[in-house]
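# Overview (structure and organization)
Listed below, chain by chain, are the residues.
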Amino acid sequence: MNPAYKPIVEPFTFPSGVQLKNRVLMAPMTNSSSLEDGGVSEQELDYYRVRSGGVGAVITASSHVSPEGKAFINEIGVYDDSLIPGLKKLSSTIQGQGAKAILQIYHAGRMASPELTGGKQPISPSAAASERPGSVVPREMTEENIKDMIKAFGEATRRAIEAGFDGVEIQGSNTYLVQQFFSPHSNRRSDQWGGTIEKRMTFPLAIIDSVKQAVAVHAQNPFIVGYRLSPEERENPGITMEDTLQLVDVLARQKLDYLHVSVRGFWDGSMRDETDTKSRVLLIQERAGSRVPVIGVGELSLPEDVNKALNAGVPLLALAHAIIMEPKWVEKVLNDQENEIRTTLPRTAQKDLTIPDALWNMLINVPGWFPVV
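The notes below deal with the structure included here. What you are looking at is a predicted structure, and each value in this text was computed from that prediction instead of being measured.

Glancing now at the overall build of the protein. The number of helices and strands found in the protein is 13 helices and 14 strands. Judged by the C-alpha coordinates and their principal axes, the protein covers about 60 × 45 × 45 Å. Within the protein, contacts between residues separated by at least 24 positions form 69% of all contacts whose residues are at least 6 apart in sequence. Counting only carbon and sulfur atoms, one obtains 48% of the accessible surface of the protein, whose full area is about 15,100 Å². Each charge class in the protein was averaged separately, 38 positive and 45 negative side chains, and the resulting centres sit 2 Å apart.

Counting residues in each nonpolar core, the largest one holds 99 residues, and the members touching the most others are Leu 87, Ile 105, Met 149, Phe 203, Tyr 227, Val 306 and Trp 329. Sorting elements by how many residues they give to this core places helix α3 (residues 143-162) first, with 8 residues. With residues near it in sequence (within four places) discarded, Val 306 still touches Ile 8, Val 24, Leu 300, Leu 317, Leu 319 and Trp 329. With 15 residues, the next largest nonpolar core counts Phe 14, Val 18, Val 297 and Ala 318 among its residues.

Contact geometry of α3 with helix α6 (residues 202-218) gives a least axis separation of 8 Å together with a crossing angle of 35 degrees. Crossing angle aside, the handedness with which α3 passes α6 is right-handed. Here α3 contributes Ile 146, Met 149, Ile 150, Lys 151, Phe 153, Gly 154, Thr 157, Arg 158 and Ile 161 to the contact with α6, which in turn contributes Phe 203, Ala 206, Ile 207, Ser 210, Val 211, Ala 214, Val 215 and His 218.

It is worth spelling out the environment of Thr 343 at this point. Considering the arrangement of structural elements, one finds Thr 343 in the loop between α11 (329-334) and α12 (350-353). As a C-alpha pair, Thr 343 and Gly 17 span 326 residues in sequence and 34 Å in three-dimensional space. Once residues lying within four places of it in the same chain are set aside, the contact partners of Thr 343 are Leu 302, Met 325 and Pro 371.

About the criteria used
- Residues numbered from 1 in each chain as written.
- Predicted model: local features only at pLDDT ≥ 70, side-chain atom pairs only at ≥ 80, totals over all residues.
- Heavy atoms only, no water.
- Helix = DSSP H or I, 4+ residues; strand = E, 2+ residues; numbered from the N terminus.
- Contact = heavy atoms within 4.5 Å.
- Areas by Shrake-Rupley, 256 points an atom, 1.4 Å probe, with all protein chains shown as cover.
- Lys, Arg positive; Asp, Glu negative; His and termini not counted.
- Charge placed at Lys NZ, Arg CZ, Asp CG, Glu CD.
- Core = buried A, V, L, I, M, F, W, Y, C linked by side-chain atoms within 4.5 Å.
- Buried < 20%, exposed > 50% of the residue type's maximum accessible area, 1.4 Å probe, protein only.
- Axes fitted to C-alpha atoms, helices over the stretch in contact; angles between N-to-C directions.
- Left-handed = near helix turned anticlockwise from the far one by under 90°.

This is how it looks when you write it as structure tokens:
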């Protein structure tokens, strides 16, 4: 191995005590390859199996905690005990290759698709539609709805534990329900769940508490609890970087294992102010990195990209598109084969790369998403 890349393969221990063999994780990415009921498919197992040999951990695609919480077709489900056997296959498949298995848990909120939920109206903190084309006006959640949802995240965590996962990641980013409660665009309530920025944090903190309580009751071994967040929203009103730094200060006191910053590019500046060019990931690292580990992500393709990000102070990095195009990314770094790392997606490579049919169709048919050749 090139000695310059030694920082990439150094082990890392989370606050919970779970140790990763290196600093690289597989990022959570939608693959739309589960069964219709949310069960794990064989193609999905194969896809994760070939990508779990080198990375320190795999964070799965989003798994919905409620049948009405789906944003994409054929997502992983974690809403019912009947799904535990399939989830156990997934965790053991990942762990069998040497990586830790982290299940991302979420509810889409107002971003749920009625076409996937039997025509049901989506729910959200307030009856405010997303500004995305075609969005429907959601139903404002009642107090009972909110309490049930908090419980659902705890139950999803219990199922993840029973299925043998090493941890869960709370999806508090990418415009979904947990983020919707923090956002002044989607949360226009004036009760205990909304209004001031402190009250807009109440639901995310309640979700964290529910997850941690499930861990305390059901986990026999150290168990990872992470939280993913999006630093900003384009909408006005919307989440600002100043809002997020206040949230990060509070999250850093919750005894989490990590904060995972969801951005398009690791080095990207503000999406709200083009004159603000400081990396959002580094702003969060500087604010809270001494109190809670930070995971960075975004357009990191080659070992030198990962090394540069690590040298900037962020201790963990997740690979997204890079790990789809190159399942053996870490292995090639270890074996001094970094020049053989794929950076394009050949149209003939689906079988070689073990990519499920549904995901493959997305990759090659969405213009500009992947460098298809």
